[in-house]
Amino acid sequence: MTQTTDFHAPAGLRTRGTILVVPGRGETPATYGRLGARLAYDAYRVRIVNLPTADPVTGTAAGAPAAPARVAPFLDALARGLSEAVGDLRAETADGLPRPLVLVGSDLGAAGIAALLATASPSAVWWPQAVVLAGLPGGGTQAGGGWEDELDVRTACPTHRGVLTGDTAVERGALAGPVPQDLLDAAYASTADVPHLLLVGDADPLADRDASARAAKTLPQARLGVVRGAHHDVLNDLQHRSVAAEVVTFLEAVREELRPAVTVEASAW
């Protein structure tokens, strides 16, 4: 399957910002083709950044226990990947990187971004103006069984299930190992002062909804969205249109210093 990593705003439109997407366990850039295309259609520049190969979950061999010592190399590799992406995108135009710069992560990608924000300096070249954290995993959670069982944990969307199944680069069984507690502790303890949108599916067996709620209250600027009926791949499940709309609404609010363009004055529902 073609590994599409770049999505551009439509010709003739001013780019409204830059989005770097970090996938989760087992996923590839192709996993986020639908999301990337949709956000780009709304005039955002999108690049899918590969999850680092310094994987803190699997260790040096498939299924091996996670070693806490691998968390630091994983975060270093993630920071390098984000820095390289920012450098590449800066070189695209004479005016530099379109702002705001927003980091979007799912599963391990979300945990990595949150942990980086908790431990890195705001002077980092990749430091964002906002972040979207989707499907943050809970401590000790993992998915067992075969491929169909993993798909059931991930999504009920037939299109997304087909994308995952048809992509030979997708690592089957990647959700079988828990995310290191050291990484999750850093992620959930972050107090980074940038706007956060946290997204969790209410049918996600790998997420810790209570921990996400506590994090949303701890962070200086955060909003927690619970997606009804969504599974672990909350950005790509059956509700993907509503989720993408929520992300775009958040992006537009970030551009206006978190002042939403639309407020509800009266409603019957």
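Residues numbered from 1 in each chain as written. Predicted model: local features only at pLDDT ≥ 70, side-chain atom pairs only at ≥ 80, totals over all residues. Heavy atoms only, no water.

1. Quick notes on the sheet that holds strand S1 (residues 6-7)
An order of S1-S3-S2-S4-S5-S6-S7 is seen for the seven strands of this open sheet, with the pairing classed as mixed. Two strands in the sheet have a free side with no partner beyond their single neighbour: S1 and strand S7 (222-227). Where strand S2 (residues 18-22) meets strand S3 (residues 45-48), four bridges bridge the pair, whose relative direction is parallel. If you follow Thr18 over to S3, its bridge partner there is Arg45. This element, helix H2 (residues 71-90), spans S1, S2, S3 and strand S4 (101-106) of the sheet and lies at about 150° to S2. Along the sheet, helix H3 (residues 108-119) contacts S2, S4, strand S5 (130-134) and strand S6 (196-201); its crossing angle with S4, the most-contacted strand, is approximately 130°. (Pairing = 2+ DSSP bridges. Helix = DSSP H or I, 4+ residues; strand = E, 2+ residues; numbered from the N terminus. Contact = heavy atoms within 4.5 Å. Axes fitted to C-alpha atoms, helices over the stretch in contact; angles between N-to-C directions.)

2. Considerations on the environment of Asp167
Checked against the element boundaries, Asp167 lands in the loop between helix H5 (158-166) and helix H6 (181-189). With 54 residues separating them in the primary sequence, Asp167 and Ile113 have C-alpha atoms 25 Å apart. In terms of polar contacts, Asp167 uses its side chain to reach the side chain of Thr28, at 2.5 Å. (Polar contact = N/O pair within 3.5 Å; in protein donor to acceptor, adjacent residues only side chain to side chain.)

3. Brief notes about the pattern of salt bridges
Taken as a whole, this structure holds 13 salt bridges when the rule is applied. In this structure, Arg25 and Asp107 form a salt bridge, with 2.7 Å as the shortest nitrogen-oxygen distance. Of this pair, Arg25 sits in the loop between S2 and helix H1 (33-41) while Asp107 sits in the loop between S4 and H3, and the two are 82 residues apart along the sequence. Note on accessibility: Arg25 and Asp107 belong to one class, buried. Between Arg47 and Asp88 there is a salt bridge, with its nearest N and O atoms 3.2 Å apart. One end of the pair, Arg47, is in strand S3; the other, Asp88, is in helix H2, with 41 residues separating them in the sequence. (Salt bridge = Lys/Arg side-chain N within 4 Å of Asp/Glu carboxyl O. Buried < 20%, exposed > 50% of the residue type's maximum accessible area, 1.4 Å probe, protein only.)

4. Digging into H2
Across its 20 residues, H2 extends 29 Å between first and last C-alpha, which sits within 8% of the 28 Å expected from 1.5 Å per residue. For H2, every residue scored as buried is listed here: Val71, Phe74, Leu75, Ala77, Leu78, Ala79, Gly81, Leu82, Ala85, Val86 and Leu89. Against S1, S2, S3, S4, H3 and H6 lie the buried residues of H2. (Expected span 1.5 Å × (residues − 1).)

5. Considerations on the nonpolar core
By size, the foremost hydrophobic cluster in this structure holds 41 residues, and its most contacted members are Leu20, Leu82, Leu117, Trp126, Leu133 and Leu183. Of all elements in the fold, only S2, H2, S4, H3, S5, H6 and helix H7 (209-218) reach the threshold of two or more residues within this core. Ranked by residues supplied to this core, first place goes to H2 with nine residues. Setting aside anything within four residues of it in sequence, one finds Leu82 in contact with Leu20, Val22, Val49, Leu103, Leu116 and Trp126. (Core = buried A, V, L, I, M, F, W, Y, C linked by side-chain atoms within 4.5 Å.)

6. Describing the packing of helix H4 (residues 147-154) against H5
Taken N-terminus to C-terminus, the directions of H4 and H5 make an angle of 135°; their axes are 11 Å apart at the nearest point. As judged from the angle between their axes, H4 and H5 are oblique. Classified by chirality, the crossing of H5 by H4 is right-handed. Between H4, through Trp147, Glu148, Leu151, Asp152 and Arg154, and H5, the contact on the second element is made entirely by Arg161, Leu164 and Thr165. Across the contact of H4 with H5, the residue classes tally to three nonpolar, one polar and four charged. (Parallel < 35°, antiparallel > 145°, perpendicular 65-115°, else oblique. Left-handed = near helix turned anticlockwise from the far one by under 90°. Nonpolar A, V, L, I, M, F, W, Y, C, P; charged D, E, K, R; others polar.)

7. A short note on empty space enclosed by the protein
For the coordinates displayed, the defined rule picks out two cavities of 30 Å³ or more. What the largest cavity holds in volume is close to 70 Å³. Ala114, Leu133, Leu136, Ala187, Tyr188, Ser190, His196, Leu198, Ala215 and Leu219 together form the lining of the largest cavity. For the lining of the largest cavity, a count of residues per class yields eight nonpolar, two polar and no charged. (1 Å grid on protein atoms, 1.4 Å probe; cavity = no way out; pocket = protein on both sides within 12 Å on 5 of 7 lines; lining within 4 Å. Points joined across faces, edges and corners; volume = space filled by probe spheres on them.)

8. Section: the layout of surface pockets
When its volume is computed, the largest pocket comes out at roughly 310 Å³. Arg223, Thr249, Phe250, Ala253 and Pro260 are the residues nearest the centre of the largest pocket, which is lined by 16 residues in total. Only S6, S7 and helix H8 (240-255) provide two or more residues apiece to the lining of the largest pocket. Here the lining of the largest pocket takes five residues from H8, the largest share from any one element. Residues belonging to the lining of the largest pocket are distributed by class as follows: nine nonpolar, three polar and four charged.

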